[in-house]
Amino acid sequence: MTDKEVLLEIHHLKAYFPVKRKSMKEAKKVVKAVDDISIDIFRGETLGIVGESGSGKSTFGRAILKLVEPTAGEILYKGQAIHHLKGRELQKYRNQMQMIFQDPFASLNPRMRIGAIIDEPMALQLPLTKEQRKKRVRELLQKVGLPEDAMHKFPHEFSGGQRQRIGIARALAINPEFIIADEPVSALDVSIQSQVLNLMMDLQDEFQLTYLFISHDLSVVKHISDRVAVLYLGRIVEVGTKKELYAHPLHPYTQALLSAIPVVNFDEPKQLVPLQGELPSPMNPPIGCVFHTRCPFVMEQCRLARPPLQQKNEHQQVACFLYEK
Amino acid sequence: MEQAQDKQVLLEVKHLHVQFHLKNGKKAKVVDDVSFVIYKGETVALVGESGSGKSMTSLSIMRLLPMPPGEISAGTITLNDKNLLAMNNKEMSKIRGNEVSMIFQEPMTSLDPVFTIGNQMMEAIRRHQKISTKQAKEKSLQLLKEVGIGNAEKVLTEYQHQLSGGMRQRVMIAIAMSNNPQLLIADEPTTALDVTVQAQILTLMMKLKKEQQSAILFITHDMSVVAETADRVMVMYAGQIVEEAPVRALFLQPKHPYTVALLKTMPTLETDIKRLPSIPGTVPPAYALPEGCRFAPRCPFVMEHCRHVLPEVTLLQHQHHVRCHLYTEEGALVNDGQRSIT
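In every chain, residue numbers begin from 1 and rise along the written sequence. Following the order in which they are written, the chains are lettered starting with A and the ligands numbered starting with 1. Per-residue local features of the predicted model are confined to residues with pLDDT of at least 70, and side-chain atom pairs are confined, for both listing and counting, to 80 or more; whole-chain, interface and lining totals are unaffected and use all residues. Hydrogens and waters are ignored; side-chain quantities use all the structure's heavy atoms.

**What to know about the overall build of chain A**
Each helix is a run of DSSP H or I of at least 4 residues and each strand a run of E of at least 2, with the numbering of both proceeding from the N terminus. Looking only at helices and strands, one finds nine helices and 12 strands in chain A. With respect to the three principal axes, the spread of C-alpha positions in chain A is 65 × 60 × 45 Å. Only protein chains enter the accessibility calculation, which uses a 1.4 Å probe; a residue whose area is less than 20% of its type maximum is buried, one above 50% is exposed, and one in between is partly exposed. Considering chain A as a whole, with its 325 residues, one finds that 53% of them fall into the buried category. A sequence separation of at least 24 residues applies to 65% of the contacts in chain A between residues at least 6 apart. Throughout, the Shrake-Rupley method with a 1.4 Å probe supplies accessible areas, and for residues the shown protein chains are the sole cover considered. Split by element, the accessible area of chain A, about 15300 Å² in all, is 51% carbon and sulfur. Note on contacts: a residue pair qualifies if any of its non-hydrogen atoms lie within 4.5 Å across the two residues.

Right, dumping it as structure tokens:
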């Protein structure tokens, strides 16, 4: 790990959203979508973020891009703090990173031609002439496996998988170093899913990209990631290298998540072990460990204090009192 | 199709053709010559990608197709020896929610937002059973408890927006099971749910199925869910069933190139490879189907014959059917002897 260059350092990131009150008498409430997340992202790696809906994984990605304003915490990009960046400085920071969105139907402007969609970020961010940009659009379309004449067409003429390719071409247009992919394959069919995943991996090799790959699908995350962080109610409960985390999950929540996935195995059929209960409301998260209301190994101290994220072994960090010495 | 002696046929679909009349005058064949049987008490999975016609097949059984523009142009659907396609609306409404009931993918839109959960449950029960409101309420309470809702009395008085996705799907299941249906059609019941909730719902469905001995037609795109739940599997591609087999045979000895590819492309927790194999191209739209085999343009084993002639369904072994020229007599004549694809 030590020989790797840290691209992004995230310290105690918090993103809270105020909730509308019914009357002035009520206490002020906030949804703690991201609650104290600290993690380093290394250059060239794919960090997978998994969690169920409401775990704060999308907000986390957006907060890094400052698409939602973080409530507290610090983000260092190549050692430089970005929290106070504004205007031109912020734009300079943002043109190093791009986002790929989940819904390929909603993330492309239906009234723009594909050429214009891919051209727009370049026109805004890069000092290129119109001709140069046009040439680059062609190159990008070819890179993502679309025919050149696609640039004259509109988004509705493409299938979901093709649209996701267009979204990827747009993200690559300004030569970013870091790409946040928020559920990029969740809306696609399996046969198309693997095409897009392979494309993303090829492009990563070619352009030395760093990915933050957000998904609820643990099998997809396992396939593409180097390291995986598991989120529950806005907090990281476990983070580790892919191999270790999937083979020896430490946190009871990670264990539950993994055991909930159906598998194809007729020789040793696995009994699904459903987690009891429901995800607590992020408006009113449990005191102490956020998972204690559903944890099969809950202890007295879990209800009182919040376990910190600690290095358990060379490859894994976990936030759980079971592993406190 | 052959019949096992000890099994009773519950539903039989024969040569079902469904088409949609498009605004530009074209016809889209969304279901094309689909035949299958569901025996009493078994779980049959219908898998396929979006646009393969799996939901259209199930809506045809329920007679819930939007008509027009949809049209069942040929075929028969018989449930317990009654021809569903010949029934009028009144007769059909006695079947729906009673002998056959359905749960949908999106629990948010399948419950009525202006009635309480209790209201909707009692309506479903009293529609098919002659019991008092009070008895219906008791039955609703008991059903909610069976599907694992703890504070059932409170939930009865609540509206759908007050419940989480998993809770809503539990309520939908409670309503669907309220009249002990012989056939439950579950159309992507867990697709909108998180994995941990999905595990809860699947376990619940299997438990109820056992208790009430209902048959389930499970429609999904997720092969691992199929492996965990189904007895038999039917794979659909571009409006046709391309392979049908008992679950074990389908996963261990898939025959159709599409099934083989589908199983290889899905990332699972076990696979540990750098690149996933993928199927090139996309599913053809229902208004522009290729002339011969539907899968021919994407098939790695395509022969010239496949591009012109649609293969017939071939029975390979007990309960294992496949629609592919690699296994037909006429295909064998033009094939140079390479019959193994796995």
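And the narrative resumes.
**Things to note about the sheet that holds strand β8 (residues 210–215) of chain A**
Residue and element names in this part refer to chain A. Each pair of strands is called paired provided DSSP finds at least two bridges between the two strands. The eight strands lie next to each other as β6-β7-β8-β3-β9-β10-β12-β11, forming an open sheet whose pairing is mixed. Each edge of the sheet is formed by a strand with only one pairing partner; in this case those strands are β6 (97–100) and β11 (310–311). Bridge analysis of strand β9 (residues 227–232) against strand β10 (residues 235–241) gives six bridges, and the strand direction is antiparallel. Residue pairing in the sheet places Val230 in a bridge with Glu238 of β10.

**Concerning the UniProt feature "domain: ABC transporter" (unreviewed entry) in chain A**
UniProt positions are given in the numbering used here, feature names are shortened, and annotations may be inferred rather than shown by experiment. Those residues carrying the UniProt feature "domain: ABC transporter" (unreviewed entry) are residues 19–258 of chain A in this numbering. Annotated as residues 19–258 of chain A, this span is 39% helix and 23% strand, and its ends, taken at the C-alpha atoms, are 33 Å apart.

**As for helix α5 (residues 133–146) of chain B**
Residue and element names in this part refer to chain B. With 14 residues, α5 extends 20 Å from end C-alpha to end C-alpha; this agrees with the ideal 20 Å at 1.5 Å per step. All of the buried residues along α5 are Ala136, Ser140, Leu141, Leu143 and Leu144. One side of α5 holds all its buried residues, which, seen down the axis, span an arc of 165 degrees. Structural note: α5 exposes Lys134, Glu138 and Lys145 on the side pointing more than 90 degrees away from its buried face. Of the residues trailing α5, Gly148 is marked for its positive phi of about 85 degrees. The span one expects for a helix is its residue count, reduced by one, times 1.5 Å. This arc is built from the directions going out from the helix axis to the C-beta atoms.

**As for the side chain of B:Lys54**
In this fold, B:Lys54 is placed in helix α1 (residues 54–62). Residues in contact with B:Lys54, not counting those within four places in the same chain, are B:Leu46, B:Val47, B:Gly48, B:Glu49, B:Glu188, B:Ile219, B:Thr220, B:His221 and B:Met236.

**Some thoughts on the sheet that holds strand β1 (residues 6–19) of chain A**
All names here are of chain A. Spatial strand order, β2-β1-β4-β5: four strands in an open sheet with antiparallel pairing. Unpaired on one side and paired on the other, β2 (29–42) and β5 (80–81) mark the two borders of the sheet. In this structure, strand β4 (residues 72–77) lies alongside β5, joined through two bridges in antiparallel fashion. Each bridged residue has a counterpart across the sheet, and for Leu76 the counterpart in β5 is Ala81. Only the contacting stretch of a helix is used when fitting its axis, a line to C-alpha atoms as for every element, and angles between N-to-C directions run 0 to 180 degrees. This element, helix α1 (residues 57–64), spans β1, β2 and β4 of the sheet and lies at about 115 degrees to β1.

**Details of the domain arrangement of chain B**
Residues and elements named next belong to chain B. For each domain, the first and last residues come from an automatic or database assignment. Considered domain by domain, chain B is made up of domain 1 (9–99 + 181–283) and domain 2 (112–180). If you average the C-alpha positions of domain 1 and of domain 2, the two centres end up 26 Å apart. Taken together, the contact pairs 20 residues of domain 1 with 13 residues of domain 2. Together, the buried faces of domain 1 and domain 2 total about 1400 Å²; carbon and sulfur atoms form 60% of this surface. For the purposes of these results, a polar contact is taken to be a pair of N or O atoms within 3.5 Å, where, inside protein, one atom must be able to donate a hydrogen and its partner to accept one; residues adjacent in sequence count only when each atom of the pair is a side-chain atom. At the junction of domain 1 with domain 2, the criterion picks out five residue pairs in polar contact (both at pLDDT 80 or more). For the side of domain 1 that touches domain 2, the secondary-structure elements that each account for two or more residues are α2 (89–95) and α8 (195–212). The leading source of residues in the side of domain 1 that touches domain 2 is α8, at nine residues. Buried surface area refers to the total accessible area, computed with a probe of radius 1.4 Å, that the two partners give up upon joining, counted for both partners together.

**Structural notes on the packing of aromatic side chains**
Two aromatic rings from Phe, Tyr or Trp, using only the six-membered ring of Trp, form a pair when their centres are within 6.5 Å; if the ring planes differ by under 30 degrees the pair is stacked, by over 60 it is edge-to-face, and anything between is tilted. Within this structure, the stated rule accounts for seven aromatic pairs over all chains. Here A:Tyr232 and A:Phe291 contribute two aromatic rings whose centre-to-centre distance is 5.1 Å and whose plane-to-plane angle is 90 degrees, an arrangement assigned as edge-to-face. Of this pair, A:Tyr232 sits in strand β9 while A:Phe291 sits in the loop between α9 (252–259) and β11, and the two are 59 residues apart along the sequence. When sorted by exposure, A:Tyr232 lands in the same class as A:Phe291, which is buried. Here the aromatic rings of B:Tyr258 and B:Phe295 are separated by 5.2 Å at their centres, their planes lie at 65 degrees, and the arrangement is edge-to-face. Of this pair, B:Tyr258 sits in helix α11 (residues 257–265) while B:Phe295 sits in the loop between α11 and β11 (314–317), and the two are 37 residues apart along the sequence. Here B:Tyr258 falls in the buried class, since its relative accessible area comes to 0%. In textbook terms, an aromatic cluster arises when at least three aromatic residues are bridged by ring pairs, as seen for A:Tyr232, A:Tyr253 and A:Phe291. It is A:Lys222 that lies over the ring of A:Tyr246; its NZ or CZ is 5.8 Å from the centre. The rule is short: NZ of Lys or CZ of Arg within 6 Å of the ring centre and within 35 degrees of the ring normal puts a charge over the ring.

**Points about the interface of chain B and chain A**
The interface of chain B with chain A comprises 41 residues on the first partner and 37 residues on the second. Both sides of the chain B and chain A interface together cover about 3500 Å² of buried area, and 56% of this is carbon and sulfur. When the buried surface of chain B facing chain A is broken down by residue, B:Thr196, B:Glu228 and B:Leu269 rank first, second and third, together holding 19% of it. Where chain B packs against chain A, one counts seven residue pairs in polar contact (both at pLDDT 80 or more). For the side of chain B that touches chain A, the elements supplying multiple residues, two or more each, are α8, α9 (223–229), α10 (247–252) and α11 of chain B. For the side of chain B that touches chain A, a count of residues per class yields 20 nonpolar, 13 polar and eight charged. Polar here means any residue outside two lists: the nonpolar Ala, Val, Leu, Ile, Met, Phe, Trp, Tyr, Cys and Pro, and the charged Asp, Glu, Lys and Arg; Gly therefore counts as polar.

**Structural notes on the pairing of strand β7 (residues 178–182) of chain A**
Residues and elements named next belong to chain A. With five of its five residues buried, β7 lies for the most part within the structure. Every second residue of β7 is oriented toward a common face, with Phe178, Ile180 and Asp182 on one face and Ile179 and Ala181 on the other, all of them buried. In this sheet, β7 lies alongside β6 in parallel orientation, the contact comprising four bridges. Its bridge partner lying in β7, Met97 is registered against Phe178. Two strands pair when backbone bridges link them, and β7 and β8 are joined in this way by five bridges, in the parallel orientation. In the sheet register, Ile180 faces β8, and the bridge partner there is Leu212. The handedness rule is simple: strands pointing away from the viewer, and a clockwise path from the first strand over the helix to the second, make the crossover right-handed. At this point the chain moves from β7, through helix α6 (residues 190–207), to the parallel β8, and the crossover so formed is right-handed.

**Focus on the packing of helix α7 (residues 165–177) of chain B against α8(B)**
Residue and element names in this part refer to chain B. Running from N to C, α7 and α8 point in directions that differ by 15 degrees, and their axes come no closer than 10 Å. Between α7 and α8, the angle falls in the class roughly parallel. As for the relative orientation of α7 and α8, their crossing is right-handed in sense. Taking contact as the criterion, the partners of Gly166, Gln169, Arg170, Ile173 and Met177 in α7 are, on α8, Val197, Gln200, Ile201, Leu204, Met205, Leu208 and Gln212. Of the residues that constitute the contact of α7 with α8, the class distribution is seven nonpolar, four polar and one charged. Every angle not falling under 35 degrees, over 145, or within 65 to 115 is termed oblique; those three ranges are roughly parallel, roughly antiparallel and roughly perpendicular. In this scheme, a crossing is called left-handed if the near helix is turned counterclockwise away from the far one by less than a right angle; it is called right-handed if the turn is clockwise.

**Overview of the pairing of strand β2 (residues 27–39) of chain B**
Residues and elements named next belong to chain B. With 10 of its 13 residues buried, β2 lies for the most part within the structure. Note: strand β1 (residues 9–21) against β2, 10 bridges, orientation antiparallel. Counterpart to Val9 in the pairing with β2 is Tyr39.

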